[in-house]
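Structural description and commentary
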Amino acid sequence: SMQVQLSKLRDDLLEKEEELGAKDLDLRRQDREIKQKEEDLSHKNVDLQNSSAALCQKSEELRQRDQKLLDLTKQKDEEVRKRDEEVRRLRLNTEDLKLRLDETLAKQTEATFNADR
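To keep things clear, this report deals only with the structure shown in the data block.

How each quantity is defined
- Residues numbered from 1 in each chain as written.
- Predicted model: local features only at pLDDT ≥ 70, side-chain atom pairs only at ≥ 80, totals over all residues.
- Heavy atoms only, no water.
- Salt bridge = Lys/Arg side-chain N within 4 Å of Asp/Glu carboxyl O.
- Helix = DSSP H or I, 4+ residues; strand = E, 2+ residues; numbered from the N terminus.
- Buried < 20%, exposed > 50% of the residue type's maximum accessible area, 1.4 Å probe, protein only.

Here we look at the pattern of salt bridges
Evaluation of the coordinates by the stated rule reveals twelve salt bridges. For glutamate 61, the salt bridge identified is with lysine 58, shortest N-O distance 3.4 Å. Of the two residues, glutamate 61 and lysine 58 are both situated in helix α1 (residues 2-116); the distance of three residues between them amounts to about one turn of the helix. On the basis of relative accessibility, which here comes to 37%, the residue glutamate 61 falls in the partly exposed class. Between glutamate 79 and lysine 76 there is a salt bridge whose closest N-O contact spans 3.3 Å. Here lysine 76 and glutamate 79 lie together in helix α1, a separation of three residues that amounts to about one turn. On the basis of relative accessibility, which here comes to 35%, the residue glutamate 79 falls in the partly exposed class. On the basis of relative accessible area, lysine 76 is assigned to the partly exposed category, the value being 48%. One salt-bridge network, held together by shared partners, links Asp26, Arg29 and Glu33.

Written as structure tokens, this is what we have:
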């Protein structure tokens, strides 16, 4: 009877050791999976940081390009304003010259008319 109990206890102990061994293997497997996931996440984090840095750089490049375009637009607007001003000035000069020419021609015509009398 004592021998049977010892034998049963030994069997139970062996069974528990097998269960513990299986649980230990399972925990080690889970630990490896967790470590692999941590490594993957670390790589993804580095990738995200690199992407973020690249986006920041691209954003800065776009901001600089926008500023250049704005500066060029201002410069062109100023050139157009000056050209328009010059065109107005030339038109006024041209109109003034036409008036003077008309006056001169009228005086010459009058002088010629008077001389012919």
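Now that the structure is up, let's keep going.
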